[in-house]
Amino acid sequence: MNNEKPLSNLILFVSLGIIFWFIALLFIRFAGDHLFVNGNPWLILFFILSIPIAWVLVKIGAIIGKVEGEKLLIATVLMSLTALLLDGVALTWFQNWYGLEPAQLLLAAAWLLWGVGVGLMIGYWESHSYNAS
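Notes on the structure follow.

What counts and how
- Residues numbered from 1 in each chain as written.
- Predicted model: local features only at pLDDT ≥ 70, side-chain atom pairs only at ≥ 80, totals over all residues.
- Heavy atoms only, no water.
- Helix = DSSP H or I, 4+ residues; strand = E, 2+ residues; numbered from the N terminus.
- Rg over C-alpha atoms; globule rule 2.2 N^0.38 Å.
- Buried < 20%, exposed > 50% of the residue type's maximum accessible area, 1.4 Å probe, protein only.
- Core = buried A, V, L, I, M, F, W, Y, C linked by side-chain atoms within 4.5 Å.
- Contact = heavy atoms within 4.5 Å.
- Salt bridge = Lys/Arg side-chain N within 4 Å of Asp/Glu carboxyl O.
- 1 Å grid on protein atoms, 1.4 Å probe; cavity = no way out; pocket = protein on both sides within 12 Å on 5 of 7 lines; lining within 4 Å.
- Points joined across faces, edges and corners; volume = space filled by probe spheres on them.
- Nonpolar A, V, L, I, M, F, W, Y, C, P; charged D, E, K, R; others polar.
- Phe/Tyr/Trp six-rings, centres within 6.5 Å; stacked < 30°, edge-to-face > 60°.
- Axes fitted to C-alpha atoms, helices over the stretch in contact; angles between N-to-C directions.
- Parallel < 35°, antiparallel > 145°, perpendicular 65-115°, else oblique.
- Left-handed = near helix turned anticlockwise from the far one by under 90°.

1. Looking at the overall build of the protein
Now for step 1: Counting its secondary structure elements, the protein contains 4 helices and 0 strands.
Now for step 2: Each helix (α) and strand (β) of the protein, taken in turn from the N terminus, gives the series α-α-α-α.
Now for step 3: Its C-alpha atoms give the protein a radius of gyration of 16 Å, near enough to 14 Å, the size a compact globule of 133 residues would have.
Now for step 4: Dimensions of the protein, computed from the C-alpha atoms along their principal axes, are close to 45 × 30 × 15 Å.
Now for step 5: Looking at the protein residue by residue over its 133 residues, the buried ones come to 39%.

2. So, the nonpolar core
Now for step 1: By size, the foremost hydrophobic cluster in this structure holds 20 residues, and its most contacted members are Ile28, Phe36, Tyr98, Leu100, Trp111 and Leu112.
Now for step 2: Discounting chain neighbours no more than four positions away, the residues touching Phe36 are Ile28, Leu43, Phe46, Leu100, Gln104, Leu107, Ala108 and Trp111.
Now for step 3: Ranked by size, the runner-up nonpolar core spans 13 residues in total, among them Ala62, Val67, Ala75 and Met79.

3. Some remarks on the pattern of salt bridges
Two side chains with opposite charge may pair up if their charged atoms get near one another.
Now for step 1: Counting across every chain of the model gives 1 salt bridge.
Now for step 2: The salt bridge involving Lys59 is made with Glu126; its shortest N-O contact spans 3.0 Å. Placement of the pair is Lys59 in helix H2 (residues 43-65) and Glu126 in helix H4 (residues 102-132), with a sequence separation of 67 residues.
Now for step 3: Under the relative-accessibility criterion, Lys59 is labelled partly exposed at 23%.

4. Considering the layout of surface pockets
Now for step 1: Estimates place the volume of the largest pocket at around 510 Å³.
Now for step 2: Contributions of two or more residues to the lining of the largest pocket are made by helix H1 (6-35), H2, helix H3 (70-93) and H4.
Now for step 3: The residue inventory of the lining of the largest pocket, partitioned by class, reads 15 nonpolar, 6 polar and 1 charged.

5. Things to note about the packing of aromatic side chains
Now for step 1: Counting across every chain of the model gives 9 aromatic pairs.
Now for step 2: By the ring-pair criterion, three or more aromatic residues cluster together here, those being Trp21, Phe22, Phe94 and Trp97.

6. What to know about the packing of H1 against H2
Packed helices, taken two at a time, are described by the angle between their axes plus the distance between the axes.
Now for step 1: Two numbers describe how H1 lies on H2: the axes approach to 12 Å, and their chain directions differ by 155°. Classed by the angle they form, the pair H1 and H2 counts as roughly antiparallel. Where H1 crosses over H2, the two elements pack in a sense that is right-handed. Along its contact with H1, which presents Leu12, Phe13, Leu16, Phe20, Phe27 and Leu35, the element H2 presents Leu43, Phe46, Leu57, Ile60, Gly61, Ile64 and Gly65.
Now for step 2: Residues belonging to the contact of H1 with H2 are distributed by class as follows: 11 nonpolar, 2 polar and no charged.

Given below as structure tokens:
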């Protein structure tokens, strides 16, 4: 991150994490009832499709924050950590925000954890691809 503006970068990446979390919340709220169903054969495809979506979100963070290399990894960690903490709070105390039954909420929570893990993995790979060039 830019050494002259660490606080503004922190605010930027935490804000992006909030925005990305809110988009996932809205998706779950409006599409989750049909997708997060035990035995849904399309669920595996949705997990796989999360990989390019996570890559796009990491790229958005890199472009907006003008970061690369190790700074991109730090930005990805900040965005992911923010989203993960918000998910933890919302899934614990505000489950009705998601609009799902408990069994569906478990699948949605698994998808959210998967998305954070994939995002962090992509952030790691992308940060190292800059160092290799």
